[in-house]
Each structure stands twice: as structure tokens, then as C-alpha cells.
Amino acid sequence: MIDRLKVIKVEAIAELGGISDLTELERWRIHYMGKKGQLTQVLRQLGDLPPEDRRIIGALANEIKRQLEDELAGFKSRIARTTVESKLEKEWIDVTLPGYPVSPGRLHPTTQALREVCSIFTSMGFQWVEGPEVEWEYYNFEALNIFKGHPAYDMWDTLWVDFYNEKGEMPMLLRTHTSPVQIRIMEKTRPPVRVIMPGKVYRYEATDATHESMFYQVEGLAVDKDITFADLKGTLYEFARRLFGEERRVRFRCDYFPFVEPGVEVSIDCLACGGVGCRLCSNTGWIEILGAGMVHPDVLRRVDYDPEVYSGFAFGMGVERISMLRYGIDDIRLFYSNDLRFLNQF
Ligand code: DAH
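Reading the values: rules and limits
- Residues numbered from 1 in each chain as written.
- Predicted model: local features only at pLDDT ≥ 70, side-chain atom pairs only at ≥ 80, totals over all residues.
- Heavy atoms only, no water.
- Pairing = 2+ DSSP bridges.
- Helix = DSSP H or I, 4+ residues; strand = E, 2+ residues; numbered from the N terminus.
- Domains from an automatic or database assignment.
- Near = heavy atom within 4 Å.
- Polar contact = N/O pair within 3.5 Å; in protein donor to acceptor, adjacent residues only side chain to side chain.
- Areas by Shrake-Rupley, 256 points an atom, 1.4 Å probe, with all protein chains shown as cover.
- Nonpolar A, V, L, I, M, F, W, Y, C, P; charged D, E, K, R; others polar.
- Core = buried A, V, L, I, M, F, W, Y, C linked by side-chain atoms within 4.5 Å.
- Buried < 20%, exposed > 50% of the residue type's maximum accessible area, 1.4 Å probe, protein only.
- Contact = heavy atoms within 4.5 Å.
- Expected span 1.5 Å × (residues − 1).
- Phe/Tyr/Trp six-rings, centres within 6.5 Å; stacked < 30°, edge-to-face > 60°.

**Side note on the sheet that holds strand β4 (residues 172-174)**
Strand pairing in a sheet relies on backbone hydrogen bonds, with the paired strands running either antiparallel or parallel.
Point 1. Spatially, the 3 strands line up as an open sheet ordered β2-β4-β3, and their pairing is antiparallel. Edge positions in the open sheet fall to β2 (134-136) and β3 (159-160), since each of these has one partner strand only.
Point 2. Pairing geometry for β3 and β4, over 2 bridges, is antiparallel. In the strand pairing of β4, Leu159 is matched with Leu174.

**A word on the domain arrangement of the protein**
Point 1. When its domains are assigned, the protein resolves into domain 1 (2-90) and domain 2 (109-343).
Point 2. Taking only C-alpha atoms, the centre of domain 1 and the centre of domain 2 are 83 Å apart.

**Concerning the site of the ligand**
Point 1. In the neighbourhood of the ligand, 16 residues make up the surrounding shell, with His177, Ser179, Arg203, Gln217 and Glu219 lying closest.
Point 2. Ala314 is positioned such that a nitrogen or oxygen atom in its backbone is 3.2 Å from an oxygen atom of the ligand.
Point 3. Within the contact set of the ligand, an oxygen atom lies 3.3 Å away from a backbone nitrogen or oxygen of Phe315.
Point 4. Protein burial of the ligand: of its 360 Å² of free accessible surface, 91% is covered by the chains.
Point 5. Elements represented by at least two residues in the shell around the ligand include exactly β6 (214-224), β9 (286-295) and β10 (311-318).
Point 6. A class-by-class count of the residues in the shell around the ligand yields 7 nonpolar, 7 polar and 2 charged.

**Observations regarding the sheet that holds strand β1 (residues 127-128)**
Point 1. The 7 strands lie next to each other as β1-β5-β6-β10-β9-β8-β7, forming an open sheet whose pairing is mixed. Either end of the sheet is taken by a strand with one partner, and the two such strands are β1 and β7 (250-255).

**Details of the nonpolar core**
Point 1. Of all hydrophobic cores here, the largest spans 40 residues; its most connected members are Phe121, Leu236, Leu290, Phe315 and Met317.
Point 2. When residues no more than four places from it in sequence are discounted, the contact partners of Leu290 are Leu236, Phe239, Val264, Glu265, Val266, Phe315, Gly316 and Met317.
Point 3. Grouped together as the second largest cluster of nonpolar side chains are 29 residues, Ala152, Phe257, Tyr305 and Ala314 included.

**Quick word on the environment of Arg44**
Point 1. As for its position among the elements, Arg44 is in helix α3 (residues 38-45).
Point 2. Between the C-alpha atom of Arg44 and that of Cys254, which follows or precedes it by 210 residues, the distance is 107 Å.
Point 3. Only 3.1 Å separates the side chain of Arg44 from the backbone oxygen of Lys35, close enough to count as a polar contact.

**Some details on helix α4 (residues 51-90)**
Point 1. With 40 residues, α4 ought to run about 58 Å at 1.5 Å a step, and its terminal C-alpha atoms sit 58 Å apart, in line with that.
Point 2. Buried within α4 we find Ile57, Gly58, Ala61, Ile64, Leu68, Leu72, Phe75 and Ile79.
Point 3. Each element contacted by the buried residues of α4 is listed here: α1 (2-17), α2 (22-33) and α3.

**Re the pairing of strand β5 (residues 193-202)**
Point 1. Of all 10 residues in β5, 8 are buried; the element is thus mostly enclosed.
Point 2. In terms of strand pairing, β1 meets β5 through 2 bridges, oriented parallel. Each residue of the ladder has a partner; that of Trp128, found in β5, is Ile196.
Point 3. Across 10 bridges, β5 lies against β6 in antiparallel orientation. By the bridge assignment, Lys200 is partnered in β6 with Tyr216.

**Details of the pairing of β7**
Point 1. In this sheet, strand β8 (residues 260-269) lies alongside β7 in antiparallel orientation, the contact comprising 6 bridges. Counted as the bridge partner of Arg253 is Glu265 from β8.
Point 2. A loop of 4 residues connects β7 with β8, the two strands running antiparallel in sequence.

**Observations concerning the packing of aromatic side chains**
Point 1. All told, the structure shown has 16 aromatic pairs when counted by the stated rule.
Point 2. Look at Phe257 and Phe259: their rings are 6.2 Å apart centre to centre, the planes differ by 35°, and that puts the pair in the tilted class.
Point 3. Between Tyr327 and Phe346, the ring centres sit 5.1 Å apart and the planes meet at 70°, which makes this aromatic pair edge-to-face. Taken together, the residues span a long stretch of sequence, with Tyr327 in helix α11 (residues 319-327) and Phe346 in the segment after α12 (340-343) at a distance of 19 residues.
Point 4. The class for Tyr327 is partly exposed, based on a relative accessible area of 43%.
Point 5. Counting every residue linked through ring pairs, the aromatic cluster contains Phe121, Phe126, Phe239, Phe313 and Phe315.

Okay, here's the thing in C-alpha cells:
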């Protein structure tokens, strides 16, 4: 039996020398050390031997088994290494070659304008807040004094969301302006309120050079005791001059928005002609930049602010419009048609 073991060992090691892949190696392992393997069979017969022989032969058999297992492990790691080496040899790369340039990209012109507008107001103490783009009809309209049948309902042609309440009404929509965020903020907080509310708005619109079905607005609101029209003027005057230049003249004129009283339109003297009259300002010399007004007492009452105690002003502007004026862009559709020739200019 001792001879048999020695033969197994010599044969096994010799055979291993001719093996070059892992499948063959596994076959080799099974042949010698598997359940019915050569070595295993010898080990099984140990029980039939007298105790003295069993000790000696058992020790030898186990020693050989250990040696074969060591050989196996060594062989496996050698094969693994040569596979990696040959792969590296075949698939080398020159790491010193310069890489492909990666463009860092840039902020979209709307994002740039939006941040600039908001940062002017945050520097004046306004807080940046955001509201939902899918809005309840109530916040978008009724809470702002815009009632069904009211002609102002048409001023904000609406995209309705396919959602019905128990009454079978469609009470949800894509907000048509950022003004509903005013209501949400006032419902949740008590004066003093000073917030700036940027975001996307949607209109059911046939698009053309000055109309998009999605665009951005920035809304503002300040409510406290003793806020007057002078605060509105001072704030918006400062804003217009910081954004469009110290030399700008600013005009406040009566306008109508249902949620403010009085309402105003704010214009600056034309950037292109300085007020003489040109194509950009339709020969008026003035360019409208935003709508504003003193918050309507009914709006305050609806959010439980006492209009005898508190007053405030609000304003809203289109962000693309601001960009268009500053850079002389004549078509709003350029902002969202993803043409890099346009976008890369900002
Ligand atoms: N929400 C108005 C619009 O979309 C803009 C606006 C006008 C907002 C007057 C205001 C405001 O807060 O006071 O046309």
C-alpha cells in the first residue's frame, strides 16, 4: 500500500506538469482527490488494516494528500497570473496619451438669469422658497381673487390635470403663474413675510416668438405692518437698476391684476434706444419688465391676515423675458430647443 501511495504521488505530480487550463485541472483533482479518487480509495481501505499499519500508512496518505492540495493551489494561482499577464500583453493601453476633452458644460441662460434675479432680492433680505408646479385650482385662481367666469380666468389659459374630485370637477392644473406660492407661504407663516418664489409655470398656448407653453417666473411678496406703496417702489426701483444698470429710468403705471390693489406695471427705459423709440420697445421708449401691486385685502383675509393690521406688496416677472431684454434675444423658443449653438453663447 505504501508503494501504491508513492506511485499515486509521482503520477499525480507528473500529470499536473502537463495541464494548462482550469478544466483539466479540475479533472485532475477529481481523479486523485474526488470522492472516488485514487487517493481517497486508499484512505478508505485504512479501516481494514491492523492498527499499527493504519497509523503509518494513514500518516503517509494524509501527507501526500496535503502535498497534492498544495500543488493544486500553487498551480491555480500560476494559471490565474498567466491569464492576467497574457491579457495585459494583448490589451495594453498607453496611459500617457492625452485624454478626450470633456466639456464642463455651463448653466442654462434661464438658470443664470433666475439666480441673478433671486440673488438681488436675497441680498435685500428676501427668502428663497419654492412651491408645487401641479397646483390646486383654488390656489392658482380663487385664493387670488380670480373666480370662474371672471375675465381674468382667460388671462391664464390653463393646462388641466386629469384628476377629478367627488363633485366631478377637475381641480388640479399645471400652475399658470407663481402667484399661488404667495398663498401657500402666507397660510403657513405669520408676518413679517419677505419671500422670493422662482419656478416653472405652464400655459395652454400656441407657441411663437414671444409665447412658450412652459417658462419661468419669479414671484415676490413682502407683508408686514406699515408696508406701503413706497416700499414697493423702492424695492423694485433698486432691483431694476441693479439688474439693468444704474442709469436706468423706471416707470410705474396703473395696471390690473385681480390679487393686488392698486396694481402696476413696471417698465424701464428702452435698453436699445434709451427711450427715443425703436423696434424693441415698439416705439414707446419703455419696456415692461414685471407686474406688481399692493396685496388685495381679500387675499390677506383669506389667509387670516388682518388687513387693518397688515399690508404688503407683491410682484411677478418672466425670467426668459429678462434674459431676452438683456441679451437682445428675439425668440423665446430658442431657450428650450436645445440648440448648442444658442446655449453655448451664455
Ligand atoms: N401672476 C402674474 C402673471 O402671471 C404676474 C404678477 C402680477 C404677479 C402682479 C404679482 C403681481 O405678484 O403683483 O401675469
